[in-house]
Amino acid sequence: MKKFFAFSILILAFPLILFSQERARVHNIRYFSSSDYTRVVIDIDRPVTFQEKKLIEPDRVRIYFDIDNAKVFNLPPSIPVSKGYIKEIRVGQFTLKTVRVVLEFAEVVKYRTFTLYSPFRIVVDIYGERKAIPKTPPVSKPEELTIARQLGLGVKKIVIDPGHGGDDPGAIGPGGVLEKNITLDIAIKLKELLEKNADLKVVLTRDKDVFVPLEVRTAIANSERADLFVSIHANSTRNKNISGFEVYTLNFTKDPHAIEIAASENAVSSKTIGELESLIKKILLNTKKEESINLAKFIENNLIKHTKVRSLGVKEAPFYVLIGAEMPSILVEVGFLSNLNDRTRLCSDVFRTNIALGLSEGILNYINSFGKPSM
Ligand SMILES: [Zn+2]
């Protein structure tokens, strides 16, 4: 009897032990919203499977996510959303093993879901119909046109993204050279140069030494309705002889070097990069791929011109920070902290100014190319 009692306790306790140890925790839900774009990020403490479904009723639209083998952890049941198309986000324990997250909308929307790793998160991009942008009234005296208006017309806002920051130093070179400091300095210099054109507005994803998650950087560009997105990084690789800069656009790749760089920038393994193939293929159908490559080529040419450093080329790789960006977007690796020459140059203020000049002129030349055949 005693034995049976002990066994019963074990049987009764087993599910509790199992669930408390094995259910993933849905521990945070974040959102970034403007009037016509919202990105929702569901943070879960380990990779999970989930199902999504859209329910349309006469006066309400809901998208819900059923997350398998998970529990709600320290979250309020309802998160009101003040801007954008979502009215409310709700989260609850739908069954013992399923967490349901509901996004409630006032009207039908377009949306796209994908997952990122390390840490695991489900990202939902929701798009509304963009309101027509009012046309700039005609200017009577052509000589009063600013350079940007003469040049660009289409490009008014640029989001510059200095890689890493805060607890995330990025690549670390010998002597404690930190990628996060180099990228921030170049970004600030680039903003100053671009804003000499009165009609160009530049937004930095960070202007000090703070941590900004990768998916937030893209969300800033989309929420700001930026016309261009430029992410600045410095490289590092095992082969200390490799030097030069690289300009990347978003795509899947089989190039082992590009995979290594993307894995490092995404803070994931090379294996995880391989799993991005189907997601990237799906996303590229909707992104400004050709324009991104044009922008990358202009930037490459002008970096060569201003720095006299060799280019390793315009390349493609699946960088998290470029996924979901709605505008032409590139990621530039300005040099290798693992290489002595590159590192010495990147520690020079004059060299970083030349990089900013190359980036600035590349961007302005790209803007100037509108209406002309692509390179
Ligand atoms: Zn980086």
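These numbers come from a predicted model, not from an experiment.

Chemist: Would you mind going over the packing of helix 8 (residues 289-307) against helix 10 (residues 349-368) with me for this structure?
Modeler: Relative orientation and spacing of two packed helices are given, respectively, by the angle between their axes and the distance between those axes. Where helix 8 meets helix 10, the closest approach of the two axes is 7 Å, and the angle between their N-to-C directions is 140 degrees. Overall, the two elements helix 8 and helix 10 adopt an arrangement that is oblique. For helix 8 against helix 10, the interelement crossing comes out right-handed. Residue-level inspection shows Glu 291, Asn 294, Leu 295, Phe 298, Ile 299, Asn 302, Leu 303, Lys 305, His 306 and Thr 307 of helix 8 in contact with helix 10, the latter providing Phe 351, Asn 354, Ile 355, Leu 357, Gly 358, Leu 359, Glu 361, Gly 362, Ile 363, Asn 365 and Tyr 366. Taken together, the residues of the contact of helix 8 with helix 10 break down into 10 nonpolar, eight polar and three charged.

Chemist: I tried to follow the packing of helix 3 (residues 179-194) against helix 10 on my own but got confused; where do I start?
Modeler: At their nearest, the axes of helix 3 and helix 10 sit 8 Å apart, and the two run at 50 degrees to each other. Overall, the two elements helix 3 and helix 10 adopt an arrangement that is oblique. Of the two possible hands of crossing, helix 3 and helix 10 adopt the one that is right-handed. Touching Ile 182, Asp 185, Ile 186, Lys 189, Leu 190, Leu 193 and Leu 194 of helix 3 are Asp 349, Arg 352, Thr 353, Ile 355, Ala 356, Leu 357, Leu 359, Ser 360, Ile 363 and Leu 364, all from helix 10.

Chemist: In this structure, what is going on with the sheet that holds strand 11 (residues 157-162)? I would like to understand it.
Modeler: The strands that make up a sheet are held in pairs by hydrogen bonds between backbone atoms, and each pair lies either parallel or antiparallel. Spatially, six strands are ordered 14-11-15-18-16-17 in an open sheet, and the strand pairing comes out mixed. Each of the sheet's edge strands pairs with one partner strand only, and the pair in question is strand 14 (201-204) and strand 17 (311-317). Going from strand to strand, the sheet's axes swing by 20 degrees on average, the running direction of each strand aside. Relative to strand 14, strand 11 runs parallel, the two sharing four bridges. Residue pairing for strand 14: Ile 158 is matched across the bridge by Val 202. Contacting strand 11, strand 14 and strand 15 (228-235), helix 4 (residues 214-223) runs over the sheet at an angle of about 170 degrees to strand 11. The sheet contacts of helix 10 involve strand 11, strand 15 and strand 18 (329-336), and relative to strand 15 the element is tilted by about 150 degrees.

What counts, and where the lines are drawn
- Residues numbered from 1 in each chain as written.
- Predicted model: local features only at pLDDT ≥ 70, side-chain atom pairs only at ≥ 80, totals over all residues.
- Heavy atoms only, no water.
- Axes fitted to C-alpha atoms, helices over the stretch in contact; angles between N-to-C directions.
- Helix = DSSP H or I, 4+ residues; strand = E, 2+ residues; numbered from the N terminus.
- Parallel < 35°, antiparallel > 145°, perpendicular 65-115°, else oblique.
- Left-handed = near helix turned anticlockwise from the far one by under 90°.
- Contact = heavy atoms within 4.5 Å.
- Nonpolar A, V, L, I, M, F, W, Y, C, P; charged D, E, K, R; others polar.
- Pairing = 2+ DSSP bridges.

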